[in-house]
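Commentary on secondary and tertiary structure
Below, each chain spelled out in residue letters.
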Amino acid sequence: MLKYILKRIVMMVPVIIGISFLIFAIMNLTPGDPARLMLGESASNEDVEALREEMGLNDNFFVRYFNYLKGAVQGDFGVSYRSKVPVFNELFSRFPSTLKLAFGATVIMVVIGIPVGVISAVKQYSIIDNISLFSAFLLTSMPAFWLGLMLILIFALHLGWFPATGVDGFINFVLPCITLAAAMLASLIRMTRSSMLEVIRQDYIRTAKAKGAGERRLIMKHSLRNALLPVITIIGMNFASMLGGTMIIESVFAMPGLGTMTITAVRMKDTPLVIASVVFVAIAISLMNLLVDILYTYIDPRLRTQYSKR
Amino acid sequence: MNKRLKSVLCLMLVAAMLLTACAGGNTNSSNGNSAEKDTLNYAISGEPSTFDPHNISDNIAKQVFNQIFDRLIRQEADGTLTPGLAENWELSEDGKSITFKIRKDVKFHNGETMTADDVVFSLNRAIQSKYLQEYVSMMEEAEKIDDETVTLTTKYAYGPIEYCVAKIDIVNKAAVEADPEGFGRQPIGTGAYKFIELKSGDKIIAERFDDYYRGKAPIKNLVFKIITDSSTAVVALENGEVDLLSQPALADRQNLINNDKVLYYETELNGNNYIAFNNTEGMFNNQKLREAISYAIDKESMLLGAIEGAGVAVDNAIPRVSFGYSDKVKGNPYDPEKAKQLLAEAGYPDGFSIKLKTMDSATYYKPTEVLQDQLAQIGITAEIEKMERGAYLSDVYSNAIYDMTVMSMVYEITDADAIYAFFHSDMIENGQNFFRVNNPELDKLLDAGRSSTDEAKRKEIYEKVGQLLNDEVVLIPLYSYMVGVAVNKDLKGVQASSIQYYEVFSFSW
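A count of helices and strands for chain B gives 18 helices and 18 strands. Here the C-alpha radius of gyration of chain B, 26 Å, is about what a compact globule of 509 residues would show, namely 23 Å. Overall, chain B is about 85 × 75 × 40 Å in size when its C-alpha atoms are taken along their principal axes. When each of the 509 residues of chain B is scored for burial, the buried share is 57%. Counted over contacts in chain B with a minimum sequence separation of 6, partners at least 24 positions apart contribute 68%. Carbon and sulfur atoms provide 47% of the accessible area of chain B, an area that totals close to 20,600 Å². On chain B, the mean spot of the 51 positive side-chain charges and the mean spot of the 76 negative ones are 5 Å from each other.

Below, the structure is given as structure tokens:
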């Protein structure tokens, strides 16, 4: 098992190098000049050129990438072009808000999504099933910025229950977490429902029913546990993608997260910061996938025996 | 499993309910009592990359610096000049130097008294800065004469030098020298508010400086809230989470004017929107063609279509609120028939196709859309290319890779000389002459306007400049627009500013 985990982590290295090269290339090949953006419209070309020289932007592309990589291997991922602060300091100053947001949204998603999905499956084609599927569709179709603004208008402006902006306390996270969860809820409900439906039709459920197991026990123990595998994958993937920041929601609710940081960095052509945040997301997703895989073995005894054989 | 899951779910529900309930109570009480307010929440649309005023060229940062730093000469909200850290100043006979008498009673936030050394250090540091060349390119050097006197020399006689001095923030020499990098994160100025801390991406916290040389500010705490989304900023203002929002989007203007929780002040911006041509490279080096376009432009409908009428159509490239503006300068009237005729004379009887570069900002792309429509009326097919800001600036501004574009210009200096950097031929290589205009007559006028100190004569010169730019259709001035500030209705002492200068020191609850 440990060997497997180590192998997976080592496999991340080429992925990360590939990603960093790709971002580096994209940032360099697309138009726009970080020096001009920093100095502003009114700076002369001469000054812009001098700053480019100072920032080392005039060197050959491959030389610059190699230098970057050399630094990165030694743990120096560079400083932000704009703020001159090491990129990981920037990253970690923004991470707490994003983590709280992702965590809150996941909790809401799980607490609502799994029960609704289970009920939908058990009462297939009933009114409850139709209503839940319809609302799931509705929520997915609503753009996050629109839903966010509507929640702000209703719950912040008219009712005054929640603040519209900021990250000062728990209360500030309620509306953004709901907005974020809403978009992801649909996939979770549908996945739970279809996975449950599949399991309910299995022979062993019929056997359990024939043996006289109560409905509750049948659903919770026999079906749900077996249906959880794909559900956990979805939760894990959603959580990981939220860790990269959720630009729209962070921007609508004025939260200092990774998403708003990344988008500003892209606009300002702040290459080191963009690479750092994208690599960070890549690592988060890889680790999350690994975690999901490990979780599988706890949920599914069949897989556990497979791993222990290795 | 069954029982455990159920109890966990129940607990979570109860916890969620409790938390929402008590949180609801919190907001109500904090929004309720505005009587004892001692905090001002100031919305800004982005985070400054540094708080070192000599190492950044950014309008958002300036709104913060206006509270933390002072200048030798103050430029008030309406653009007029008054004494700041200098008690008085005197221009030399030849106009090539300016001597300041420094105030003795000014304290820095770290408790030190401001000296002539701090002033000399700040001025020279700014002169070296790449970020401030817009204001300092004509300055040579600052020198200490005695403990209370500082002289600033310029490379040439420069009429509006005082406006430039009014842009240079005075910093604490010792603090900068001790840690030049760190100064950007912990700035020390002489302003009415001292910097406390930055919460990255969230807010900037400042507090009243009790030893401020003009007295204590009425409001104790100042918080800059970073809100990038403009709709959210408006809601936050209506909701009382922020108290001041400068330059809200024009789309929100009417809504803010009608809102009874908000007061909206507006005035004309020191700038304008215009159609710029590349005068030397490409098809528009043909003056007939530029003339044809100028007759095809209906400025009044442009005004309505682009900014919902919140502005004034103009014929002069010099902003209406700047010294040197004259309404005697006339542009070509709207006359599509004449435009078509000129188009034929220029060699394009059947029109042509053209690409209009613009950027992802309503100030730019909205008038560009109207322009596209107006060009279609005389048979020109225009295709709009919406670019990222950085790419647009690099193409149009730095490299003049464009034929025709709608540009929005805001000048920091309320003097006609601000346009020198755009139209003088010396500025093709090293300035902002992205028009690529090279006209000896224009150069001569701009030089004369810059070096003269006789107001009447300068007015006359700039009238000629404005007319010449129109006669040769170097550009087509379109309109100047209104700029507003929306504030909590209880906030007193606010005044709209054509240069976007809001000093929290003068506000009170």
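That covers the picture; the talk isn't over yet.
Time to look at the interface of chain A and chain B. Listed per partner, the contact involves 52 residues of chain A and 50 residues of chain B. Taking both partners together, chain A and chain B bury about 4,500 Å²; carbon and sulfur atoms supply 55% of that area. At the junction of chain A and chain B, the tally comes to 3 salt bridges. For Lys203(B), the salt bridge is made with Asp168(A), and the minimal N-O distance between the two is 2.8 Å. On inspection of chain A and its partner chain B, the count reaches 7 residue pairs in polar contact (both at pLDDT 80 or more). For the side of chain A that touches chain B, the secondary structure elements donating two or more residues are α2 (34-39), α3 (45-54), α5 (87-122), α7 (144-158), α8 (170-200), α10 (215-243), α11 (247-252) and α12 (258-267) of chain A. Of the residues belonging to the side of chain A that touches chain B, the class tally is 28 nonpolar, 12 polar and 12 charged.

For the rest of this paragraph, the subject is a positive patch on the surface. Residue and element names in this part refer to chain A. Residues Lys-211, Arg-217, Lys-221, Arg-225 and Arg-304 make up a contiguous surface patch of positive charge. Examined against the element boundaries, Lys-211 turns out to sit in the loop between α9 (203-210) and α10. Taking relative accessible area as the criterion, Lys-211 reaches 73% and is therefore assigned exposed.

On to the domain arrangement of chain B, then. Residues and elements named next belong to chain B. When its domains are assigned, chain B resolves into domain 1 (69-176) and domain 2 (271-480). Relative placement of domain 1 and domain 2: their C-alpha centres are 34 Å apart. The interface is formed by 12 residues belonging to domain 1 together with 9 residues belonging to domain 2. For the pair domain 1 and domain 2, the two sides together bury roughly 930 Å², of which 56% comes from carbon and sulfur. It is Tyr-158, Pro-160 and Tyr-163 in domain 1 that bury the most area against domain 2; as a group they hold 38% of the surface buried on that side. Taken together, the connections running from domain 1 to domain 2 amount to 0 salt bridges. Counting across the domain 1 and domain 2 interface gives 3 residue pairs in polar contact (both at pLDDT 80 or more). For the side of domain 1 that touches domain 2, the secondary structure elements donating two or more residues are α4 (133-136) and α5 (161-165). Here the side of domain 1 that touches domain 2 is built from residues that sort into 7 nonpolar, 3 polar and 2 charged.

Okay, the nonpolar core next. One finds Leu72(B), Met139(B), Phe423(B), Phe434(B) and Phe435(B) to be the most contacted residues of the largest nonpolar core, which totals 120 residues. A total of 7 residues in this core trace back to one element, the largest contributor, which is helix α3 (residues 116-128) of chain B. In this view, Phe435(B) contacts Tyr274(B), Ala276(B), Phe277(B), Asn278(B), Asn279(B), Thr280(B), Tyr402(B), Phe422(B), Phe423(B), Val474(B) and Leu475(B); residues no more than four positions away in its chain are not counted. In this structure, Val199(A), Ala208(A), Leu224(A) and Phe280(A) belong to the second largest nonpolar core, which totals 73 residues.

Residue and element names in this part refer to chain B. Ordered by their spatial adjacency, 4 strands build an open sheet running β4-β5-β7-β6, and the pairing between neighbours is antiparallel. One side of each edge strand has no neighbouring strand; the edge strands of this open sheet are β4 (86-91) and β6 (139-146). Neighbouring strand axes in the sheet, compared pairwise and without regard to direction, differ in orientation by 20° on average. Judged from the 5 bridges that link them, strand β5 (residues 97-102) and strand β7 (residues 149-154) form a sheet pairing that is antiparallel. Counterpart to Lys-101 in the pairing with β7 is Thr-149.

With that out of the way, let us pick up the packing of aromatic side chains. A complete count under the given rule lists 27 aromatic pairs over all chains for this structure. For the pair Phe92(A) and Phe280(A), a centre-to-centre distance of 6.0 Å together with 80° between the ring planes defines the contact as edge-to-face. Highlighted residues: Phe92(A) in helix α5 and Phe280(A) in helix α13 (residues 271-299), separated in sequence by 188 residues. For Phe280(A), a relative accessible area of 15% gives the class buried. Among the aromatic side chains, those forming a connected cluster through ring pairs are Phe21(A), Phe24(A), Phe61(A), Phe62(A), Tyr65(A) and Tyr68(A). Just above the ring of Tyr365(B) sits the side chain of Lys386(B); from NZ or CZ to the centre is 3.8 Å. Seen from the ring of Tyr420(B), Arg450(B) lies directly overhead, with NZ or CZ sitting 3.6 Å from the centre.

Below, the discussion takes up the pairing of strand β15 (residues 353-359) of chain B. Residues and elements named next belong to chain B. Buried residues dominate β15, accounting for 5 of its 7 residues. Two elements, β15 and strand β16 (residues 381-387), share 7 bridges in a ladder whose sense is parallel. Pairing of Thr-358 across the sheet is with Lys-386, part of β16. The parallel pair β15 and β16, bridged by helix α13 (residues 362-377), forms a crossover whose chirality is right-handed.

Residues and elements named next belong to chain B. Mapped onto the secondary structure, Asp-417 falls in the loop between β17 (404-410) and α15 (420-423). For Asp-417, a relative accessible area of 2% gives the class buried. Within the structure, the side chain of Asp-417 is placed 3.2 Å from the side chain of Arg-450, a separation counted as a polar contact.

Our next topic: the confidence of the model for chain B. Residues and elements named next belong to chain B. For chain B, mean pLDDT is 86; residues scoring 70 or higher make up 93% of the total. Taken element by element, chain B is modelled with least confidence in helix α1 (residues 2-32), mean pLDDT 46, and with most confidence in strand β9 (residues 203-208), mean pLDDT 93. In this model residues 17-34 is a low-confidence stretch, pLDDT under 50, and it forms 13 contacts with partners more than four residues away in sequence or in other chains. Taken over the whole predicted complex, pTM reads 0.79, whereas the ipTM for its chain interfaces reads 0.77.

In this section: unusual backbone geometry. Most peptide bonds take the trans configuration, and most residues that are not glycine carry a negative phi. All names here are of chain A. Positive phi, close to 50°, is recorded for Ala-254, a residue that is not glycine. Here Ala-254 is to be found in the loop between α11 and α12. The class of Ala-254 is buried, set by a relative accessible area of 5%.

Moving on, we get to a nonpolar patch on the surface. Residue and element names in this part refer to chain A. Residues Phe-145, Trp-146, Met-247, Ile-248 and Ile-263 make up a contiguous nonpolar surface patch of roughly 450 Å² in combined accessible area. Contributing elements (two or more residues each) for the nonpolar patch: α7 and α11. Mapped onto the fold, Trp-146 is located in helix α7.

Quick look at the packing of helix α10 (residues 287-296) of chain B against helix α12 (residues 336-345) of chain B now. Residue and element names in this part refer to chain B. Direction vectors running N to C along α10 and α12 enclose 165°, while the axes themselves pass 7 Å from each other. Relative to α12, the element α10 lies roughly antiparallel. By crossing handedness, the relation of α10 to α12 is classed as left-handed. Touching Lys-288, Leu-289, Glu-291, Ala-292, Tyr-295 and Ala-296 of α10 are Pro-336, Lys-338, Ala-339, Leu-342, Leu-343 and Glu-345, all from α12. Among the residues making up the contact of α10 with α12, the classes are represented as 8 nonpolar, no polar and 4 charged.

Analysis parameters
- Residues numbered from 1 in each chain as written.
- Chains lettered and ligands numbered in written order.
- Predicted model: local features only at pLDDT ≥ 70, side-chain atom pairs only at ≥ 80, totals over all residues.
- Heavy atoms only, no water.
- Helix = DSSP H or I, 4+ residues; strand = E, 2+ residues; numbered from the N terminus.
- Rg over C-alpha atoms; globule rule 2.2 N^0.38 Å.
- Buried < 20%, exposed > 50% of the residue type's maximum accessible area, 1.4 Å probe, protein only.
- Contact = heavy atoms within 4.5 Å.
- Areas by Shrake-Rupley, 256 points an atom, 1.4 Å probe, with all protein chains shown as cover.
- Lys, Arg positive; Asp, Glu negative; His and termini not counted.
- Charge placed at Lys NZ, Arg CZ, Asp CG, Glu CD.
- Buried area = accessible area lost by both parts, 1.4 Å probe.
- Salt bridge = Lys/Arg side-chain N within 4 Å of Asp/Glu carboxyl O.
- Polar contact = N/O pair within 3.5 Å; in protein donor to acceptor, adjacent residues only side chain to side chain.
- Nonpolar A, V, L, I, M, F, W, Y, C, P; charged D, E, K, R; others polar.
- Patch = residues over 30% accessible without salt bridge, like charges linked within 9 Å, V, L, I, M, F, W, Y side chains within 5 Å.
- Domains from an automatic or database assignment.
- Core = buried A, V, L, I, M, F, W, Y, C linked by side-chain atoms within 4.5 Å.
- Pairing = 2+ DSSP bridges.
- Axes fitted to C-alpha atoms, helices over the stretch in contact; angles between N-to-C directions.
- Phe/Tyr/Trp six-rings, centres within 6.5 Å; stacked < 30°, edge-to-face > 60°.
- Lys NZ or Arg CZ within 6 Å of the ring centre and 35° of its normal.
- Right-handed = clockwise from strand over helix to strand, strands pointing away.
- pLDDT = per-residue confidence, 0-100.
- Parallel < 35°, antiparallel > 145°, perpendicular 65-115°, else oblique.
- Left-handed = near helix turned anticlockwise from the far one by under 90°.

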